[in-house]
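# Structural features, examined
Okay, here's what each chain looks like letter by letter:
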Amino acid sequence: MTEMTMVAALNAAFRQEMARDERVVVLGEDVGVNGGVFRVTDGLLRMFPGRVFDTPLAETCIVGAAVGMAAAGLRPVAEIQFDGFLTAAFDQLVSHAARLRNRSRGRFTCPLVVRAPFTGGIHAPEHHSESMEASYAHIPGLVVVMPSTPSEAKGLLAAAIRSPDPVLFLEPKKVYRAIKEDVREEEYAIPLGKARVVQEGTDVTVIAWGAMLVPALQAAGRSSYSCEVIDLRTVSPLDVPCILQSVEKTGRAVVVQEGPHSFGVGAEIAAQLAEKGILHLEAPVERVTAPDVPTPLAKLEGLYLPSAERVGKAIERAMAFR
Amino acid sequence: MPRAVLGTFAVEWLQVLDERGKADPGLLPPLGEREVKDLYELMAISRVFDEQCLTLQREGRLGTYAAVRGQEAAQVGSAYALQQQDWLFPSFRENAALIARHQPLEMLMAYWAGDERGQQVPASLNNFPVAIPVGTQAPHAVGAAWAFQIRKEKAAALVYFGDGATSKGDVLEAMNFAGVFKLPVVFFCQNNQWAISLPAGKQTAAQTLAQKAIAFGFPGIRVDGNDVFAVYLATHDALERARSGEGPTFIEAFTYRVEHHTTSDDSSRYRAKAEVDLWRAKDPLLRLEAWMEGKGFLDKAYRETVWAEARKRVQEAVEKMEQLPPPKPGDIFDYVFAQLPPHLQEQKASLLRELGGQGGQA
Ligand SMILES: Cc1ncc(C[n+]2csc(CCOP(=O)(O)OP(=O)(O)O)c2C)c(N)n1
Ligand SMILES: [Mg+2]
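Residues numbered from 1 in each chain as written. Chains lettered and ligands numbered in written order. Predicted model: local features only at pLDDT ≥ 70, side-chain atom pairs only at ≥ 80, totals over all residues. Heavy atoms only, no water.

## Quick notes on the overall build of chain B
To keep it simple, the criterion reads: Only runs of H or I of at least four residues qualify as helices and only runs of E of at least two qualify as strands under DSSP, and these elements are numbered from the N terminus. Only C-alpha atoms enter the radius of gyration; for comparison, a globular chain is expected to reach 2.2 Å times N to the power 0.38, where N is the number of residues. To sort residues, take the accessible area from a 1.4 Å probe on protein chains only and compare it with the maximum for the residue type: under 20% means buried, over 50% means exposed, and anything in between is partly exposed. Any two residues having at least one pair of non-hydrogen atoms within 4.5 Å are treated as being in contact. Here, Shrake-Rupley sampling with a 1.4 Å probe gives the accessible areas, and only protein chains in the shown set may cover a residue. Just so you know, the count uses Lys and Arg for positive and Asp and Glu for negative, and it drops His and the chain ends. Positions of charges follow a simple convention, taking NZ of Lys, CZ of Arg, CG of Asp or CD of Glu.
Along the backbone of chain B there are 14 helices and 8 strands. Scaling as 2.2 N^0.38, a compact globule of 362 residues should have a C-alpha radius of gyration of about 21 Å, and chain B matches this with 22 Å. Dimensions of chain B, computed from the C-alpha atoms along their principal axes, are close to 80 × 60 × 45 Å. Looking at the 362 residues of chain B, the share that counts as buried comes to 56%. Sequence-distant contacts in chain B: of pairs separated by 6 or more residues, those separated by 24 or more amount to 74%. Total accessible area on chain B stands at roughly 16,000 Å², and carbon and sulfur atoms take up 54% of it. Computing the positive centroid from 39 side-chain charges and the negative centroid from 45, chain B places the two 2 Å apart.

Shown next, in the form of structure tokens:
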């Protein structure tokens, strides 16, 4: 075990996966010489010459080229420098990466990873703090992963790189250097599509992913109720059985989502619970989310991000419902 | 004849002031002493503003900041050629251009301090908000220019972007529209030779950026971006061409990003200090000063007044920015739509209720 930040853990996953599989290549803006603006790809160019590429500034072509590379037998890992610039590659993700297998009836496949620093909380400039995971989760054929801690990030990135399908890997930039954790040195992959129960409890289920696991755990820790905390790990495909199993036990659910309230991942979770778990629910599903407004700049960002206090109040409301 | 040359193309280079501040008299733009002094004063205040912002950022009073240093001639020289009715479309590094276009200094600072009110551009100024997603402003400039053309207005759009942006589809698509519809737009590309860590030579295999215009059917020119007269001349002529219906122009202002990309960047990881020092010495302010001295436009008293005045105005701006009352929490809702829809009314009320006493006024 070594104590690591999420940045270091992701870097370690890269080193292992690139050593393990020579089809893995890395491309993106400033990922080579500079090691990525957050240093996730630091040192890879030196270790793996000819497999790490500083590209021109063009998100559409970075992702579009990754589609072609993947179809032609490589395992490209593309970096989009910030969440807000991923939208420039939306067409390639939606129209091609996510449906290549289906539209060619399996003749061509798209085993690529697109990584991007995601979500807010670091007082960044405009378009650097977006939480649009629901928009991507809505695309059939795309796997959407959001790790929450360093050791999770390492295992999930390894799994993403090994995945036969396109994976959008969204890294909570607030967590990048904020949390240090013991991370296993050896290679390991955490299965995609499986959530994890971080903390067991019997009164209420608190569901979070990415950076929101922090306020979720804080609120659970401070609560007088027995909270079961679930980390989704993979936003899509959603691990519905894990959520259902927990809510069958607790009867109450609180979803903590950093993105806007409406049409979010929380809405999907609430719908799944209504469809498959209605008889177990003892209270309406509580959603702690941002309001339906564009991500504010630094001075008002605090109003936008769900806090442990707001999660705590939602737990109280869920428990008070009779 | 099965093989023939269908066209040959040349790319023009324009420099009026050489590196020591000697002018080519045949090329000097028709600017009087007062106008040259305007350019100098605007470059000076931009320099002081830039240095102040870097200091404020280090002290935690400003967020991430993208410095202008070294690009003052490119930005001031071009924006100074605009007329009141023209529109300016900036990227994120255009503080000097915006200063030359009368954007209040405290608003520029407020935006970089994380306050949306910094983008509430006064109604009298046709300056578009800063575009952070690289190159995305180019189609907007094309659209505005199209509107001028449709309404038969004698106005032009001037859009700023960097060498990196020339790799974006947005910019190339915008150039194509501009050529096809012969729009009154000027593409002003500051080739500061770096896009974060990527040198311009790895951004494109083309010898110049100016030549990209040729492919879209309109003129492109490379000018010395550290020469305020060359920049002014080229932009002035391009804007005139645009306003008189002759179509778009692409100007590549060849300059250098002397500072780190932004305050979050460490450029020592990817470029040599010697290169930076070389360009730091090619300071566009020094070049203009040398020429002004030769003309007798720059005595000691005038120079001292200019810099003292610049420092005073920037200091006042810092105070104004820091004395702004904090933005209202309700602001995050009030500008999303023309009218607050019911679900947002509910979300706003609930947020204000939650805030209760602590700054909860709408
Ligand atoms: C679409 C998009 N991709 C990536 C970024 C991150 N980014 C900000 S500035 C920059 C480099 C821009 O280079 P250039 O166009 O030369 O402008 P300069 O910074 O040199 O002024 C990058 C990659 C961004 N803001 N927008
Ligand atoms: Mg540049």
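So that's the structure; there's more coming.
## Focus on the overall build of chain A
Of the regular secondary structure elements, chain A holds 12 helices and 14 strands. Once local pairs closer than 6 in sequence are excluded, the contacts in chain A between residues at least 24 apart make up 80%. When the accessible area of chain A is evaluated, it comes to approximately 12,100 Å², of which 54% is carbon and sulfur surface. Taking the 33 positively charged and 38 negatively charged side chains of chain A as two groups, their mean positions are separated by 3 Å.

## Topic: the coordination of the magnesium ion (ligand 2)
Residue and element names in this part refer to chain B. The line we're drawing: With water excluded from the atoms, a metal site may look incomplete; its donors are any N, O or S atoms within 2.8 Å, or within 3.2 Å for Na, K and Ca.
Asp-163 (OD), Asn-192 (OD1) and Trp-194 (O) make up the full set of protein donors to the magnesium ion (ligand 2), lying at 2.1 Å. Here the donor residues of the magnesium ion (ligand 2) are spaced in sequence according to D-x28-N-x1-W. Taken together, the residues span a long stretch of sequence, with Asp-163 in the loop between β3 (157–162) and α6 (169–181) and Asn-192 in the loop between β4 (185–191) and β5 (194–195) at a distance of 29 residues. Each member of the pair Asp-163 and Asn-192 is classed as buried.

## Some words on the site of ligand 1
The test is simple: Put simply, a residue is near a molecule or strand once any heavy atom of it comes within 4 Å of that molecule or strand. Between N or O atoms, a polar contact is any pair within 3.5 Å; within protein, one atom must be a potential hydrogen donor and the other a potential acceptor, and residues adjacent in sequence are included only when both atoms are from side chains. The nonpolar class holds Ala, Val, Leu, Ile, Met, Phe, Trp, Tyr, Cys and Pro. Asp, Glu, Lys and Arg form the charged class, and all remaining residues, Gly among them, are polar.
In the neighbourhood of ligand 1, 20 residues make up the surrounding shell, with A:Glu59, B:Arg93, B:Gly164, B:Asn192 and B:Trp194 lying closest. The residues that come close to ligand 1 belong to more than one chain, namely chains A and B. With respect to ligand 1, the side chain of B:Arg93 contributes an N or O atom lying 2.6 Å from an oxygen atom. Contact distances for ligand 1 include 2.9 Å between an oxygen atom and a side-chain N or O atom of B:Asp163. When ligand 1 is considered free in solution it has 580 Å² of accessible area, and contact with the protein chains removes 95% of it. For the shell around ligand 1, the class distribution of residues is 10 nonpolar, 5 polar and 5 charged.

## A short note on the domain arrangement of chain B
The line we're drawing: Each domain span listed reflects an automatic or database assignment of domains.
When its domains are assigned, chain B resolves into domain 1 (12–326) and domain 2 (328–362). Each of domain 1 of chain B and domain 2 of chain B has a C-alpha centre, and the two are 38 Å apart.

## Overview of the sheet that holds strand β9 (residues 196–199) of chain A
Residues and elements named next belong to chain A. What counts is decided by this rule: A pair of strands is considered paired only if DSSP assigns at least 2 bridges between the two. Think of each axis as a best-fit line through the C-alpha atoms, taken over the contacting stretch in the case of a helix, with angles from 0 to 180 degrees between the N-to-C directions.
With mixed pairing, 5 strands are arranged side by side in an open sheet as β9-β11-β10-β13-β14. Edge positions in the sheet fall to β9 and β14 (286–290), since each of these pairs with one other strand and no more. Sheet twist, expressed as the average angle between the axes of neighbouring strands with direction ignored, equals 25°. Here strand β10 (residues 204–208) runs beside strand β13 (residues 253–260); their pairing, made up of 3 bridges, is parallel. Counted as the bridge partner of Val-206 is Val-254 from β13. Sitting on the sheet, helix α8 (residues 213–222) is in contact with β9, β10, β11 (227–231) and β13, with an inclination near 170° to β11.

## As for the confidence of the model for chain B
As a reminder of what qualifies: The pLDDT value expresses, per residue, how confident the predictor is, ranging between 0 and 100.
Of the residues in chain B, 98% reach a pLDDT of 70 or more, and the chain-wide mean stands at 97. Interface confidence in the predicted complex, given as ipTM, is 0.96; pTM for the same model is 0.97.

## Describing the domain arrangement of chain A
Residue and element names in this part refer to chain A. Heads up, the rule is: Summed over both partners, the accessible surface that disappears when two parts come together, traced with a 1.4 Å probe, is what is meant by buried area. What counts as a salt bridge is simple: a side-chain nitrogen of Lys or Arg found within 4 Å of a carboxyl oxygen of Asp or Glu.
Segmenting chain A into domains produces domain 1 (2–183) and domain 2 (196–320). Domain 1 puts 26 residues into the contact, and the matching count from domain 2 is 24 residues. In total, about 1,800 Å² of surface goes out of reach between domain 1 and domain 2, with carbon and sulfur atoms giving 55% of it. Summed over the shared surface of domain 1 and domain 2, the result is 2 salt bridges. For the interface between domain 1 and domain 2, the tally reads 12 residue pairs in polar contact (both at pLDDT 80 or more). Those elements that place two or more of their residues in the side of domain 1 that touches domain 2 are α6 (133–137), β6 (143–145) and α7 (150–162). Taken together, the residues of the side of domain 1 that touches domain 2 break down into 14 nonpolar, 8 polar and 4 charged.

## Description of the packing of helix α1 (residues 33–58) of chain B against helix α2 (residues 72–79) of chain B
Residues and elements named next belong to chain B. As a reminder, the rule being used: Roughly parallel means an angle under 35 degrees; roughly antiparallel means over 145; roughly perpendicular covers 65 to 115; every other angle is labelled oblique. The crossing is said to be left-handed when, going from far helix to near helix, the turn is anticlockwise and less than a right angle, and right-handed when the turn is clockwise.
At a minimum axis distance of 10 Å, the contact between α1 and α2 shows a crossing angle of 130°. Relative to α2, α1 is oriented oblique. The chirality of how α1 crosses α2 is right-handed. In this structure, α1 uses Leu-39, Leu-42, Met-43, Ser-46 and Arg-47 to contact α2, whose residues at the interface are Glu-72, Ala-73, Val-76 and Gly-77. For the contact of α1 with α2, the class distribution of residues is 5 nonpolar, 2 polar and 2 charged.

## Digging into the interface of chain B and chain A
If you look at the interface, chain B gives 37 residues, while chain A gives 35 residues. When chain B packs against chain A, the two sides together hide about 2,800 Å² of surface, and 62% of this comes from carbon and sulfur. Here chain B and chain A share 3 salt bridges between them. A salt bridge links B:Arg269 to A:Asp42; its shortest N-O distance comes to 2.9 Å. In this assembly, chain B and chain A are joined by 10 residue pairs in polar contact (both at pLDDT 80 or more). Taken together, the elements giving at least two residues each to the side of chain B that touches chain A come down to α7 (200–203), α13 (331–334) and α14 (342–355) of chain B. Ranked by the residues each element gives to the side of chain B that touches chain A, the list is headed by α14(B), at 6 residues. Of the residues belonging to the side of chain B that touches chain A, the class tally is 18 nonpolar, 9 polar and 10 charged.

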